[in-house]
Amino acid sequence: MCAGDKHSVSKGPWVNNRGVLMTMSAMGKGGGVLDKPIIEKTTPGRESEFDLRKSKKMAPPYRVILHNDNFNKREYVVQVLMKVIPGMTVDNAVNIMQEAHINGLAVVIVCAQADAEQHCMQLRGNGLLSSVEPDGGGC
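- Under the annotation held in an unreviewed UniProt entry, the protein carries the name Adaptor protein ClpS core domain-containing protein and is attributed to Brassica carinata.

## Comments concerning helix α2 (residues 74-84)
(1) Moving on: If you check which residues of α2 are buried, you get Val77, Val78, Val80, Leu81 and Val84. Along the axis of α2, the buried positions cluster into a sector of 165 degrees, meaning they face one direction only. Exposed side chains of α2 directed beyond 90 degrees from the buried face belong to Glu75, Gln79 and Lys83.
(2) Moving on: Summarising the contacts, the buried residues of α2 are in contact with β5 (61-67), α3 (90-103), β6 (105-112) and α4 (113-125).

## Overview of a nonpolar patch on the surface
(1) Moving on: A cluster of nonpolar side chains, Met82, Val90 and Val94, forms an exposed patch at the surface whose accessible area comes to about 210 Å².
(2) Moving on: Examined against the element boundaries, Val90 turns out to sit in helix α3.
(3) Moving on: Among the residues examined, Val90 registers a relative accessible area of 46% and is labelled partly exposed.

## Quick look at the sheet that holds β5
(1) Moving on: In space, the three strands of this open sheet follow the order β6-β5-β7, with antiparallel pairing throughout. Because the sheet does not close on itself, it has two edges, and the strands there are β6 and β7 (129-134). Across the sheet, the axes of successive neighbouring strands diverge by a mean angle of 25 degrees, strand direction being ignored.
(2) Moving on: Pairing between β5 and β7: six bridges, direction antiparallel. What sits directly across from Val64, in β7, is Val132.
(3) Moving on: Contacts from α3 reach β5 and β6, with the element oriented near 130 degrees to β6.

## Considering the environment of Gly127
(1) Moving on: By secondary structure assignment, the location of Gly127 is in the loop between α4 and β7.
(2) Moving on: According to the relative accessible area criterion, Gly127 is partly exposed, its value standing at 34%.
(3) Moving on: Spatially, the C-alpha atoms of Gly127 and Phe71 are 9.4 Å apart, while their sequence positions differ by 56 residues.
(4) Moving on: Residue contacts for Gly127: discarding those within four places in its chain leaves Asp69, Phe71 and Asn72.

Reading the values: rules and limits
Residues numbered from 1 in each chain as written. Predicted model: local features only at pLDDT ≥ 70, side-chain atom pairs only at ≥ 80, totals over all residues. Heavy atoms only, no water. Buried < 20%, exposed > 50% of the residue type's maximum accessible area, 1.4 Å probe, protein only. Helix = DSSP H or I, 4+ residues; strand = E, 2+ residues; numbered from the N terminus. Arc of directions from axis to C-beta. Contact = heavy atoms within 4.5 Å. Patch = residues over 30% accessible without salt bridge, like charges linked within 9 Å, V, L, I, M, F, W, Y side chains within 5 Å. Areas by Shrake-Rupley, 256 points an atom, 1.4 Å probe, with all protein chains shown as cover. Salt bridge = Lys/Arg side-chain N within 4 Å of Asp/Glu carboxyl O. Pairing = 2+ DSSP bridges. Axes fitted to C-alpha atoms, helices over the stretch in contact; angles between N-to-C directions.

Quick look at the structure:
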């Protein structure tokens, strides 16, 4: 870019290393003036949305496994799955219950280890047999 090129100055937002969003207004040949910084606001003790997405991508996935048992009714298993697992639909819960009934076990959800352990404990707390294992990505 040439020194006199009027397109050489960016007007887009910038984020410095402290999470402060700054914009720059073009002033011609002399450069630009930084506008008032916009500070990213987060709740104390809570990471920013970017940090949460980054940490979830980096965390190794774990499977929550539902094991077949001979004492819980199928309807009850479906109800518990829908109550414990966020976003679980009736159709998915029925499919998971059927797979566990036929094959002896079924993968309920793949998620971060802490979430997997919490889901497993909630399933157990409702009388279902469940376990957690690393998701190896295989069969």
